[in-house]
Amino acid sequence: MPVTLAAPAVAASPPPWSTSAAAQPLAPADERVQIIAGLLDQPARISPKYFYDERGSQLFEAITRLPEYYPTRTEQAVLRRHARAIAQAVGRGGVVIEPGAGSCDKARVLCRLLGATHFVGVDISADYLEGAVARLRAALPGLDARAVGGDITAAIELPGDVPQDRRLVFYPGSSIGNFDPPAALALLRQMHALARRERGGLLIGIDLPKDLAVLQAAYDDAAGVTAQFNRNILAHVNRLIGSDFEPGQWRHEAFFNTAASRIEMHLAACGPQQVRWPGGGRSFAAHERIHTENSYKYPLPAFLDLLTRAGFRQPQAWTDERGWYALVHART
Ligand code: AVJ
């Protein structure tokens with residue numbers, strides 16, 4: 001008897017290099033439901049993971065080169081300044097596992113520094129990652145480098161032949177700051193489970209609290225690149241759920257919430273807005289906001305406490321001379 005496979009209700013996403021925005025199908029139904037729930041919330045919210053469509057990833061790259069955006073170059077400076085001490089704490093050789101590996105640029109520096117034997121990059125965008133891992137292999141022959149598609153907030157399955165021992169989870173870029181403390185703790189526990197055999201560890205980048213004006217400028221730069229990055233989330237959401245946000249009608253807002261120790265980014269309606277999507281919509285009053293991002297700035301002791309609660313031991317931290325940013329190593 002012939003077997004007929006039912007066509008999926010919604011086609012899969014195109015590869016990240018696809019340039020035809022119009023041809024992109026909507027996101028899968030469950031994801032659309034999630035996004036719409038956030039838009040209908042009071043106040044409205046959009047997850048920061050939706051910043052990173054192709055244009056958003058390019059804008060973020062541009063942000064990392066802005067004079068005001070200190071985290072990327074400060075992290076590089078910490079790694080350069082303390083390279084020997086870090087290599088000694090982590091130990092040479094071993095397996096480097098990077099959730100959200102993206103371009104693998106940082107992985108190349110670390111794997112070279114450590115003389116790692118294996119690298120496993122994990123990213124939602126598996127196709128883009130494949131290319132980056134291929135370039136990493138070319139740059140470091142002898143490194144067994146793999147790409148694994150997956151969401152870091154869910155349990156990740158690694159290929160069976162990745163060695164169990166000496167696994168180092170590498171989570172640079174202070175991306176942990178996008179998670180509120182309970183979610184950060186849950187993520188650190190996932191990472192602990194991933195590395196937990198003999199001599200496992202974590203090397204993670206943490207952006208520390210600092211002068212308000214420095215923080216503020218880093219998230220509201222003079223050239224307006226962060227503002228474009230923030231507004232671009234609406235164009236991405238339009239393609240994912242078929243909505244009709246007008247990004248130009250929304251103003252970028254970024255400020256430090258001292259009580260919560262986090263930068264908050266919002267989009268504020270320039271005037272009254274009526275936004276529609278298939279099956280629904282919402283109106284926004286003038287100045288009404290959509291919350292798009294939190295970027296927590298953990299004081300080092302508070303972060304070390306989270307690490308301990310996630311099961312990590314013997315933390316060691318290295319910072320730049322201004323004490324703006326820390327690379328932290330801990331054992332499983
Ligand atoms: C990629 C989450 C680390 O919070 O600094 C940069 C994202 N948002 N400018 C950060 C971001 C606005 C970035 N992380």
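Source: prediction; values computed, not measured. (Residues numbered from 1 in each chain as written. Predicted model: local features only at pLDDT ≥ 70, side-chain atom pairs only at ≥ 80, totals over all residues. Heavy atoms only, no water.)

Re the pairing of strand β8 (residues 262-269)
Burial analysis of β8 places 8 of its 8 residues in the buried class, which makes it a mostly covered element. The alternating pattern of β8 places R262, E264, H266 and A268 and I263, M265, L267 and A269 on opposite faces, both of which are buried. Pairing geometry for strand β7 (residues 250-257) and β8, over 8 bridges, is antiparallel. Considered in β8, the bridge of W250 is made with A269. (Buried < 20%, exposed > 50% of the residue type's maximum accessible area, 1.4 Å probe, protein only. Helix = DSSP H or I, 4+ residues; strand = E, 2+ residues; numbered from the N terminus. Pairing = 2+ DSSP bridges.)

Re the site of the ligand
Around the ligand, the neighbouring residues are Y52, F60, Y69, G173, S174, N178, Y219, F229, M265, E293 and S295. Between Y219 and the ligand, the recorded distance is 2.5 Å, taken from a side-chain N or O atom to an oxygen atom. S295 places a side-chain nitrogen or oxygen 2.7 Å from an oxygen atom of the ligand. About the coverage of the ligand: the protein hides 97% of its 350 Å² of free accessible area. Here the shell around the ligand is built from residues that sort into 6 nonpolar, 4 polar and 1 charged. (Near = heavy atom within 4 Å. Polar contact = N/O pair within 3.5 Å; in protein donor to acceptor, adjacent residues only side chain to side chain. Areas by Shrake-Rupley, 256 points an atom, 1.4 Å probe, with all protein chains shown as cover. Nonpolar A, V, L, I, M, F, W, Y, C, P; charged D, E, K, R; others polar.)

Details of the environment of Y298
Turning to its location among the elements, Y298 is positioned in the loop between β11 (289-296) and α10 (300-309). For the pair Y298 and A27, spaced 271 residues apart in sequence, the C-alpha separation works out to 33 Å. Excluding anything up to four places from it in sequence, Y298 contacts I176, F179, D180, P181, A184, I206, D207, L208, P209, F303 and L306. (Contact = heavy atoms within 4.5 Å.)

Comments concerning the confidence of the model for the protein chain
Per-chain confidence: the protein chain averages 92 in pLDDT, with 93% of residues scoring 70 or above. Note that residues 14-21 has pLDDT below 50 and, in this model, 11 contacts with residues that lie over four places away or in other chains. (pLDDT = per-residue confidence, 0-100.)

Description of the sheet that holds β7
Paired through their backbone hydrogen bonds, the strands of a sheet run either parallel or antiparallel. Across the sheet, 4 strands lie side by side as β1-β11-β8-β7; this open sheet has mixed pairing. Taken across any chain shown, the strands that pair with only one partner, and hence form the sheet edges, are β1 (44-45) and β7. Here 2 bridges tie β1 to β11, and the two strands are oriented parallel to one another. Counted as the bridge partner of A44 is I290 from β11.

Focus on the packing of helix α1 (residues 29-40) against helix α9 (residues 225-241)
One way to put it is that α1 packs onto α9 with a least axis distance of 10 Å and a crossing angle of 130°. With respect to their mutual orientation, α1 and α9 come out oblique. The interaxial crossing formed by α1 with α9 has left-handed handedness. Together, R32, I35, I36 and L39 of α1 and V237, L240 and I241 of α9 make up the contact between the two elements. Grouping the constituent residues of the contact of α1 with α9 by class yields 6 nonpolar, no polar and 1 charged. (Axes fitted to C-alpha atoms, helices over the stretch in contact; angles between N-to-C directions. Parallel < 35°, antiparallel > 145°, perpendicular 65-115°, else oblique. Left-handed = near helix turned anticlockwise from the far one by under 90°.)

Quick notes on the sheet that holds strand β5 (residues 167-171)
Taken in spatial order, the 7 strands line up as β4-β3-β2-β5-β6-β13-β12 in an open sheet, and their pairing is mixed. On the outer flanks of this sheet lie β4 (144-149) and β12 (313-319), each paired with one strand and no other. Neighbouring strand axes in the sheet, compared pairwise and without regard to direction, differ in orientation by 20° on average. Judged from the 6 bridges that link them, strand β3 (residues 118-123) and β4 form a sheet pairing that is parallel. Paired with V120 across the two strands is R146, which belongs to β4. Where helix α5 (residues 105-114) meets the sheet, its contacts fall on β2 (95-99), β3, β5 and β6 (201-207), and the angle it forms with β5 comes to roughly 145°. Helix-sheet contacts for α10 involve β6, β12 and β13 (325-331), and the interaxial angle to β13 is about 25°.

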